[in-house]
Amino acid sequence: EALKRYVNSRFQFDQYCQTKPAVASYKNGATVMLDNRSGDPRIVAVGGVQYNLAGYGWKIITLSAKTLPTTLFIDCGGAKNVAQIQMYK
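Note that the structure is a prediction, hence the values are computed from the model and not measured. (Residues numbered from 1 in each chain as written. Predicted model: local features only at pLDDT ≥ 70, side-chain atom pairs only at ≥ 80, totals over all residues. Heavy atoms only, no water.)

*Asks:* Outline the state of the cysteines, listing residues and values.
*Replies:* Enumeration over the complete set of coordinates arrives at one disulfide. For Cys 17, the disulfide goes to Cys 76, at an S-S distance of 1.9 Å. Its S-S torsion of approximately -60° makes the covalent link between Cys 17 and Cys 76 left-handed. One end of the pair, Cys 17, is in the loop between strand 1 (10-13) and strand 2 (19-20); the other, Cys 76, is in strand 8 (residues 70-76), with 59 residues separating them in the sequence. Neither residue differs from the other here; Cys 17 and Cys 76 are each classed as buried. (Disulfide = S-S within 2.5 Å. Helix = DSSP H or I, 4+ residues; strand = E, 2+ residues; numbered from the N terminus. Buried < 20%, exposed > 50% of the residue type's maximum accessible area, 1.4 Å probe, protein only.)

Set out below in structure tokens:
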């Protein structure tokens, strides 16, 4: 059910920590899914906030920023800036 709900607001991380989509825009306060499509556990950081994802695990997070518009960068393990989120009011 979560996959259906977040079909248009999901970041999928592959075995190389690359993500789809690489760029997206969301309103402040939106929720998105971080979806690990690798069997390896991952530490994913969104705007500097770290999240632990189990192998083939996922997490729903709420995006927020005090200053808008802004860009949040996503890191996956040692891979930096694998995606960008454009945040707006």
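*Asks:* Run through the pairing of strand 4 (residues 31-36), naming residues and quoting values.
*Replies:* Across the six residues of strand 4, five count as buried, placing the element largely inside the fold. Pairing between strand 1 and strand 4: four bridges, direction parallel. Bridging across to strand 4, Arg 10 finds its partner in Met 33. The pairing of strand 4 with strand 7 (residues 58-62) spans five bridges and is antiparallel. Paired with Met 33 across the bridge in strand 7 is Ile 60. (Pairing = 2+ DSSP bridges.)

*Asks:* Please provide a residue-by-residue account of the sheet that holds strand 1, values included.
*Replies:* The strand order across the open sheet built from four strands is 2-1-4-7, with neighbouring strands paired in mixed fashion. Edge positions in the sheet fall to strand 2 and strand 7, since each has one partner strand and no second.

*Asks:* Go over the packing of aromatic side chains with me, naming the residues and quoting the values.
*Replies:* Evaluated as defined, the whole model comprises one aromatic pair. Ring plane angle 65° and centroid distance 6.2 Å describe the contact between Phe 11 and Tyr 26, whose orientation is recorded as edge-to-face. On the criterion of sequence distance, the pair formed by Phe 11 in strand 1 and Tyr 26 in strand 3 (residues 23-27) is long-range, its members being 15 residues apart. (Phe/Tyr/Trp six-rings, centres within 6.5 Å; stacked < 30°, edge-to-face > 60°.)

*Asks:* Which residues make up the environment of Val 44, and what values do they have?
*Replies:* Locating Val 44 in the fold gives a position in strand 5 (residues 42-46). As a C-alpha pair, Val 44 and Phe 13 span 31 residues in sequence and 9.2 Å in three-dimensional space. Once residues within four sequence positions are removed from consideration, Val 44 is found in contact with Phe 13, Leu 34, Val 49, Gln 50, Tyr 51, Leu 53, Ile 74, Asp 75 and Cys 76. (Contact = heavy atoms within 4.5 Å.)

*Asks:* Pulling in residues and values, what's your account of the nonpolar core?
*Replies:* If you look at the biggest cluster of nonpolar residues, it comprises 21 residues, and the most contacted ones within it are Phe 11, Phe 13, Leu 34, Val 46, Leu 63, Ile 74 and Ile 85. Taken together, the elements giving at least two residues each to this core come down to strand 1, strand 3, strand 4, strand 5, strand 6 (49-53), strand 8 and strand 9 (79-88). Per-element accounting of this core gives the leading share, four residues, to strand 9. Each residue touching Phe 13, except ones within four places of it in the same chain, is listed here: Gln 18, Thr 19, Leu 34, Asp 35, Asn 36, Arg 37, Ser 38, Val 44, Leu 53, Ile 74, Cys 76 and Val 82. (Core = buried A, V, L, I, M, F, W, Y, C linked by side-chain atoms within 4.5 Å.)

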